[in-house]
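Per-entry structural report
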Amino acid sequence: MRKITFLFVALIPVLCNTISGQTGNYKSHTRSKHQLLFTSDNGTRLRLRFQSNDVIRVQWVKSGEDFFADDRYEMVVDHDTTGTFTIKEKRNDFLITTNSGLRIEVKKSSLQFSVYAPGRKATLLTEQDVQWRTDSIVAVFQPDTSEHFCGTGHRAFGWVESIDLKGKTVSSNYGESHFQVDDWGPQAVLTVPFYLSGKGYGIFLNSTFHHFFNFGENGRYEFGINTKGFSGRMDYYIIYGPDFKDILEKYTRLTGRPRLPQRSIFGLQLSDKGSPDNDGEQWWKDKITAHRKAGFPFDHIVNDNRWRAGSGAWSGSWFEWDSTRYPDPAEYKQWCDNNHVMVTLDLNRNNIASCKGWKQEYNMPGTEGVVNYPNSVPDYTNPEMRNWIWKMFWQETFDTSLRYPGDGLWIDETDDLYRISDSVICANGRSWAENENYYPFLIAKAIVGEGWDNENHNGPPGIGEKKRPYVWIRSACAGGQRYATYWTGDILCNCNWMRATIRAMQVSGLAGYPYFNHDAGGFRWPGPDVNLYVQWSMGLGSFTPIWRPHGIGRYKRWPLDRSKACQSAALKYGMMRYEMMPYIYTYARKAHKTGLPMARAMVIDYQHNPEAWKYDLQYLWGNEMLVAPVRSQGDTVKEIWLPPGQNWYDFRNDSLIAGDKIINYQVTFDQIPLFVKEGAVIPNYNYAKSTFDLDPSFLILHVYTGKDGSFELYEDDGVTEKFRTRDEYRITEIDYSEQNKRFVISPAKGNFNGAVPERKYRIVFHGIKQPGTIKVNGKMLKMFGEGTPADEEGIYWDSDKQQMTVVTGVYDVKSKVVVKKNKTDGLTHRFNASKIIISKL
């Protein structure tokens, strides 16, 4: 049985004095169905609340203190407790066992407690005392020497140097940066005080005061909060997995499932940034039309200032359609709808005071002289202010009776208030020291929870289930994922920042924010050169959850504004992404349902493998694919770790490479290394230049033979909330048996508005030594000669690629489709267990 021991000592700042000493010895305890409360002889209290059998809330207070009310912070969705336990008093301690077998031992001598995972083997992690000291409360623990840690969000701009946090002290507080603050400020901090241990548990620190985690620097292991002279509490959740997938599922169940955006959000997004010739809607119409005419995909308009009334610039404008550049917003929306284009509208914090209905009483106190545009600092702790901002959005564009454009909101520059004094008291009566980290959560709640969803039924109507919200904010907080997402700010354009961004994406997923969003290729001057555009803006960008090249500089982001090499890459990766949309969208929904990120750090699937903690510049794309982005000037040789458990197909040529090894992979500057697991089933659609034009009635299924495999295809209407409010969606289970050479598409379960009633299938079997005769639902199919386009029902063979394609007739989606070889046929996989062919690297 593994053992996790948690104890409390105070962080000892320079010249600070002890406020209270030891917690004392056990005096008494009380219990209810889901809770235990221990009291010591000096008045210290320890409360254990069993959120579930595997999630335990730990709260400490000193003599004279009360526990904070459950609703003081809303990072946790609800505080309903369902866990049950037994307790046994022994001579020196108490033994508590939950219904899942999780065990807790509380010592009578100090109220020190230890947590044991179910099972027999026990590993002691820590034994310490409990103390509070001036301004700080800290939990100290002693880990196993082999223990690794990850998570905790990230500081400004998503600069992450390592997924593995062992030996480091880390924090992700509002306003924190790894660099000296310049005119750009410490942008886009992801404040999530939650870590995962390779031993199989996670810790979520339920406090908005500044936090820190020390995972072994100078031999110390501790986490805690700095209350800065205000009243704080030690309050956290222990989340037992033991697998990282289980921990993430339980963490997002606790703090809220990530909000699934509309399907088109996963298409290509481009902005008007750095386009001085932008004169309004006609610029967009011409740009999008030319872009698609050249063959490129496009889904999402990202407006950056020019749509707004007034100057149409960063300063001097406000949230209202400009009557000169956009004389008829309703007509413009009709054009967008007809051309299957979505629209995001932006609002910079500095323009808030110019928006209709703003009152100075909505402003944060204490901003004069410390914040740019000090009279334009909304206090989101003020419910009247929160009601006003959604009312303003509603009246200016989101009122559905206006029929104006508006599918998403980009809330910019909310992270530049770090110079406000900790002692400033906000509208909710709390200090800025306590509200600062919480500020991004309150923004997300105001705009989506109280506004778009109208969960409080106050103010103007919300949009409700008719359309999913997509709101992205330049900073984020734990729990905010159930409303909105974020992006990593104005990052630099170079290989070092590309590397940091690859890790930031993985950390975002480990923090419950699976829909990672960034300026692909970097934002700042001079913009991405040819290599960075091909490798980052297009290559890596197309294999991130949100694909949005954006920024300033002489190097533009629209493919038609770039060289032929850049255009070639844009078309190649655009086609790959849009063809792969059923795969991508299935994992987007899985992220919403389970908290499992679309782009997975290797440690999520291989937490006990040391290589997974080392190779953090590669990641899993869904369950079946591995992505290892190129980050160099020109061609290179890249070291890649291929995990054990299966062999891996090289996506570019179908060569098979043995797993559980490190390879040196020769790669050209215009290629992103991709690998596919043996046994994978990858669903595709035929290419279309908008996600709205993808045809689900013709489903293409790539089967990478060599092992059994399966895939659960998810589909819904792609726009509304009905998939979660009314269970309107469809699941299609797909299975492949290697031994029986049998491929089965099960009857689809569920339905939704617009779902296709029948389908044709193209099934591409990779890794086939020779073709054979195939039956589909008992019908023998015709074999066509090589080179014949695979359109008509039948079997097609490609000897160069060693791929066999089966095209079926049209079938009702509610019927079962069985594809299998004829019993007398010699159809075989081209590789066997005794002779794995390794590609030449």
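Residues numbered from 1 in each chain as written. Predicted model: local features only at pLDDT ≥ 70, side-chain atom pairs only at ≥ 80, totals over all residues. Heavy atoms only, no water.

**As for the side chain of histidine 291**
Among the secondary structure elements, histidine 291 is positioned in helix 2 (residues 281-293). When neighbours within four sequence positions are excluded, histidine 291 is seen to be in contact with Leu268, Leu270, Phe296, Pro297, Phe298, Trp558, Pro559 and Leu560. (Helix = DSSP H or I, 4+ residues; strand = E, 2+ residues; numbered from the N terminus. Contact = heavy atoms within 4.5 Å.)

**Focus: the packing of helix 8 (residues 530-542) against helix 9 (residues 564-579)**
Running from amino to carboxyl end, helix 8 crosses helix 9 at an angle of 5°, the nearest separation of the two axes being 9 Å. In terms of orientation, helix 8 lies roughly parallel with respect to helix 9. Facing Val530, Tyr533, Val534, Met538, Gly539, Gly541 and Ser542 of helix 8, the residues of helix 9 in contact are Ala565, Cys566, Ala569, Ala570, Tyr573 and Arg577. Looking at the contact of helix 8 with helix 9, its residues break down into 9 nonpolar, 3 polar and 1 charged. (Axes fitted to C-alpha atoms, helices over the stretch in contact; angles between N-to-C directions. Parallel < 35°, antiparallel > 145°, perpendicular 65-115°, else oblique. Nonpolar A, V, L, I, M, F, W, Y, C, P; charged D, E, K, R; others polar.)

**Brief notes about the sheet that holds strand 44 (residues 758-766)**
With mixed pairing, 5 strands are arranged side by side in an open sheet as 38-39-44-49-48. A single partner strand is all that each edge strand has here, and the edge strands are strand 38 (681-684) and strand 48 (794-798). Sheet twist, expressed as the mean angle between neighbouring strand axes with direction ignored, is 20°. In this structure, strand 44 lies alongside strand 49 (residues 803-812), joined through 8 bridges in antiparallel fashion. Bridge assignment links valine 764 to a residue of strand 49, and that residue is threonine 805. (Pairing = 2+ DSSP bridges.)

**Some details on the nonpolar core**
Phe393, Trp621 and Phe743 are the most contacted members of the largest nonpolar core, which totals 242 residues. The residues contacting tryptophan 621, other than those within four sequence positions of it, are Ser542, Phe543, Thr544, Pro545, Arg577, Met580, Tyr583, Ile584, Met598, Ala599 and Val627. (Core = buried A, V, L, I, M, F, W, Y, C linked by side-chain atoms within 4.5 Å. Buried < 20%, exposed > 50% of the residue type's maximum accessible area, 1.4 Å probe, protein only.)

**Regarding the state of the cysteines**
Counted under the stated rule, the structure contains 0 disulfides. Here cysteine 477 is not cross-linked by a disulfide; its sulfur's nearest cysteine counterpart is in cysteine 426, at 14 Å. Among the cysteines around cysteine 493, which has no disulfide bond, cysteine 495 carries the closest sulfur, lying 11 Å off. (Disulfide = S-S within 2.5 Å.)

**Side note on the sheet that holds strand 30 (residues 599-601)**
Taken in spatial order, the 6 strands line up as 30-31-32-37-34-35 in an open sheet, and their pairing is antiparallel. Each of the sheet's edge strands pairs with one partner strand only, and the pair in question is strand 30 and strand 35 (656-657). Sheet topology places strand 30 next to strand 31 (residues 619-621); 3 bridges connect them, and they run antiparallel. Its bridge partner lying in strand 31, alanine 599 is registered against tryptophan 621.

**Details of the confidence of the model for the protein chain**
Residues at a pLDDT of 70 or more form 94% of the protein chain, whose mean pLDDT is 92. Scored below 50 in pLDDT, residues 5-21 makes 71 contacts in the model with residues more than four places away or belonging to other chains. Contacts of residues 831-841 to residues separated by more than four positions or lying in other chains number 18 contacts, the stretch itself having pLDDT below 50. (pLDDT = per-residue confidence, 0-100.)

**A look at the pairing of strand 9 (residues 103-107)**
Bridge count for strand 8 (residues 93-98) against strand 9 is 5 bridges, and the pairing is antiparallel. Paired with threonine 97 across the bridge in strand 9 is arginine 103. Hairpin geometry of strand 8 and strand 9 is characterised by an intervening segment of 4 residues between the two adjacent antiparallel strands and by a positive phi of about 100° at glycine 101. Bridge count for strand 9 against strand 10 (residues 113-116) is 4 bridges, and the pairing is antiparallel.

**Quick notes on helix 9**
Residues that lie three or four places apart on an α-helix share one face, since the helix turns once every 3.6 residues. Given a rise of 1.5 Å per residue, 16 residues ought to cover 22 Å, and the 22 Å separating the end C-alpha atoms of helix 9 matches this to within 8%. Residues of helix 9 that are buried: Cys566, Gln567, Ala569, Ala570, Tyr573, Gly574, Met576, Arg577 and Tyr578. (Expected span 1.5 Å × (residues − 1).)

**Quick look at the packing of aromatic side chains**
Evaluation of the coordinates by the stated rule reveals 76 aromatic pairs. Ring geometry for tyrosine 362 versus tryptophan 388: centroids 5.9 Å apart, planes at 35°, classification tilted. One end of the pair, tyrosine 362, is in the loop between strand 25 (342-348) and helix 4 (383-398); the other, tryptophan 388, is in helix 4, and 26 residues separate them in sequence. For tyrosine 362, a relative accessible area of 7% translates into the label buried. According to the relative accessible area criterion, tryptophan 388 is buried, its value standing at 5%. Here the aromatic rings of tryptophan 472 and tryptophan 487 are separated by 5.2 Å at their centres, their planes lie at 85°, and the arrangement is edge-to-face. Placement of the pair is tryptophan 472 in strand 27 (residues 471-473) and tryptophan 487 in the loop between strand 29 (485-486) and helix 7 (495-510), with a sequence separation of 15 residues. Neither residue differs from the other here; tryptophan 472 and tryptophan 487 are each classed as buried. Ring pairs connect the aromatic residues Trp307, Phe319, Trp321, Tyr326, Tyr332, Trp390, Phe393, Trp394, Phe398 and Trp452, which therefore count as one cluster. Between the NZ or CZ atom of arginine 47 and the centre of the ring of phenylalanine 67, over which it lies, the distance is 4.0 Å. The ring of tyrosine 116 carries arginine 103 above its face, with NZ or CZ at 5.0 Å from the centroid. (Phe/Tyr/Trp six-rings, centres within 6.5 Å; stacked < 30°, edge-to-face > 60°. Lys NZ or Arg CZ within 6 Å of the ring centre and 35° of its normal.)

**Considering helix 4**
Looking only at helix 4, the buried set comprises Met385, Arg386, Trp388, Ile389, Trp390, Met392, Phe393, Trp394, Glu396, Thr397 and Phe398. The elements touched by buried residues of helix 4 are strand 24 (317-321), strand 25, strand 26 (408-412) and helix 6 (439-452). Of the residues that open helix 4, the one with a side-chain oxygen 2.9 Å from the backbone nitrogen of glutamate 384 is asparagine 382. (Polar contact = N/O pair within 3.5 Å; in protein donor to acceptor, adjacent residues only side chain to side chain.)

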